[in-house]
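Chain by chain, the residues:
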Amino acid sequence: MATKLWASRAASYLRVSTFHRAFATVVKDLKYADSHEWVKVDGSSATIGITDHAQDHLGDVVYVELPEVGASVTQSGSFGAVESVKATSDINSPVSGKVVEVNEKLNDTPGLVNESPYQDGWIIKVEINNNDELKSLMDHDQYSKFCEEEDAKH
């Protein structure tokens, strides 16, 4: 009990959520990479984050490494990292483009990635170079099935 209380207090101090969902949420209007990033496209702009499935497997996020505005990202290329209490994982871009905005809130509150992976916990926004790259990404049904199959292997 003391360990659980200490962990809860430590998580509060680090501003990390200790809330865990029983199942992963997959949003219909997004595209998904097999490396567990999501992308929301609005014209030539794309918002990118990690999926609910990914944050659940990572555990409580304590740090997010963000790229600089103006940096170039390439499809499947790493642009940052998420550090959790369990592991550090690269964040890969589902599309190629130029970073036009980063979620500065994650510097002070990295737990937003856990609490709200599809809204407040977004990571970067990019100006897309090639919309054809979106064709190689999964829709919500494909990604849900992908996650089920991946979890069944473990």
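If you're wondering where the values come from, they're calculated on a predicted model, not measured in any experiment.

S.K.: Any details on the layout of surface pockets? Residues and values, ideally.
M.R.: For the largest pocket, the calculated volume is near 240 Å³. Along its surface, the largest pocket is lined by 13 residues, and Leu 30, Trp 38, Lys 40, Thr 47 and Tyr 118 are the ones closest to its centre. For the lining of the largest pocket, the per-class residue count stands at 6 nonpolar, 3 polar and 4 charged. One number sums up the size of the second largest pocket: a volume of about 200 Å³. Surrounding the second largest pocket, 15 residues form its lining, Ser 35, His 36, Ala 54, Leu 58 and Ser 89 being those nearest its centre. Listed by contribution, the elements that provide at least two residues to the lining of the second largest pocket are helix H2 (52-58), strand E7 (88-92) and helix H5 (140-153). With 4 residues, the top contributor of residues to the lining of the second largest pocket is H2.

S.K.: Help me get a handle on the pattern of salt bridges, residues and values and all.
M.R.: Going through the model one piece at a time under the given rule, you end up with 2 salt bridges. Residue Lys 145 is joined to Glu 149 by a salt bridge in which the shortest nitrogen-to-oxygen separation is 4.0 Å. One end of the pair is Lys 145 and the other is Glu 149, both in helix H5 and 4 residues apart, which spans about a single turn. You can call Glu 149 partly exposed: its relative accessible area is 42%.

Conventions and cut-offs
- Residues numbered from 1 in each chain as written.
- Predicted model: local features only at pLDDT ≥ 70, side-chain atom pairs only at ≥ 80, totals over all residues.
- Heavy atoms only, no water.
- 1 Å grid on protein atoms, 1.4 Å probe; cavity = no way out; pocket = protein on both sides within 12 Å on 5 of 7 lines; lining within 4 Å.
- Points joined across faces, edges and corners; volume = space filled by probe spheres on them.
- Nonpolar A, V, L, I, M, F, W, Y, C, P; charged D, E, K, R; others polar.
- Helix = DSSP H or I, 4+ residues; strand = E, 2+ residues; numbered from the N terminus.
- Salt bridge = Lys/Arg side-chain N within 4 Å of Asp/Glu carboxyl O.
- Buried < 20%, exposed > 50% of the residue type's maximum accessible area, 1.4 Å probe, protein only.

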